[in-house]
Every structure is written in C-alpha cells, then in structure tokens.
Amino acid sequence: MRLLCVTLGHKPDKTRVWNDNVDFRAPCARCGAPMMRDEKKAWRLFDHEKDGSPGRKLHRHDKAADL
Ligand SMILES: [Zn+2]
C-alpha cells in the first residue's frame, strides 16, 4: 500500500470502472487495490470475505491470488 493511500485513502481509477453484475468496481489508481462503490455511492476497498457473492462476475484482470 502506497503512503498516499495510507494517508488520503484509496482513489478509484475512474477510467477503469467496471460492473460485476452487483456493484461498480475499480482498482485504486495508485496501488491497484480492488475497490467497489457501495449502496451510498461511496468508494471503499472491496473485501472478498464480506463482499464476495455468487452473483458477482470476475473481472478478466482479477488475479486468482486475490481470492
Ligand atoms: Zn490505493
């Protein structure tokens, strides 16, 4: 995790937003951490344990190591 992400929080890369069938997702523009837009339309880190759902499609760039 980059220092800017630690101090300012992650910043979604709006040019790489995609829809996984449930929510909008995007990687952090600085460190590449997976993020999602929650029901309040606020971006936050994607948590595979809490946010994982069978309805979600995997992005072709998702790495198996993330799961
Ligand atoms: Zn980040």
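Up top you'll find the structure we're talking about.
Notes on the structure follow. (Residues numbered from 1 in each chain as written. Predicted model: local features only at pLDDT ≥ 70, side-chain atom pairs only at ≥ 80, totals over all residues.)

A separate point is the pairing of strand β3 (residues 34-37). Across three bridges, strand β2 (residues 24-27) lies against β3 in antiparallel orientation. The residue bridging Ala 26 from the neighbouring strand is Met 35, located in β3. What sits between the antiparallel neighbours β2 and β3 is a turn of six residues, in which Gly 32 has the positive phi angle 85 degrees. Relative to strand β4 (residues 43-45), β3 runs antiparallel, the two sharing three bridges. When the bridges of β4 are listed, Met 36 appears paired with Arg 44. Here β3 folds back onto β4, and the loop between the two strands holds five residues, one of which, Lys 41, carries a positive phi near 60 degrees. (Pairing = 2+ DSSP bridges. Helix = DSSP H or I, 4+ residues; strand = E, 2+ residues; numbered from the N terminus.)

What is shown is where atoms sit, not what they do.
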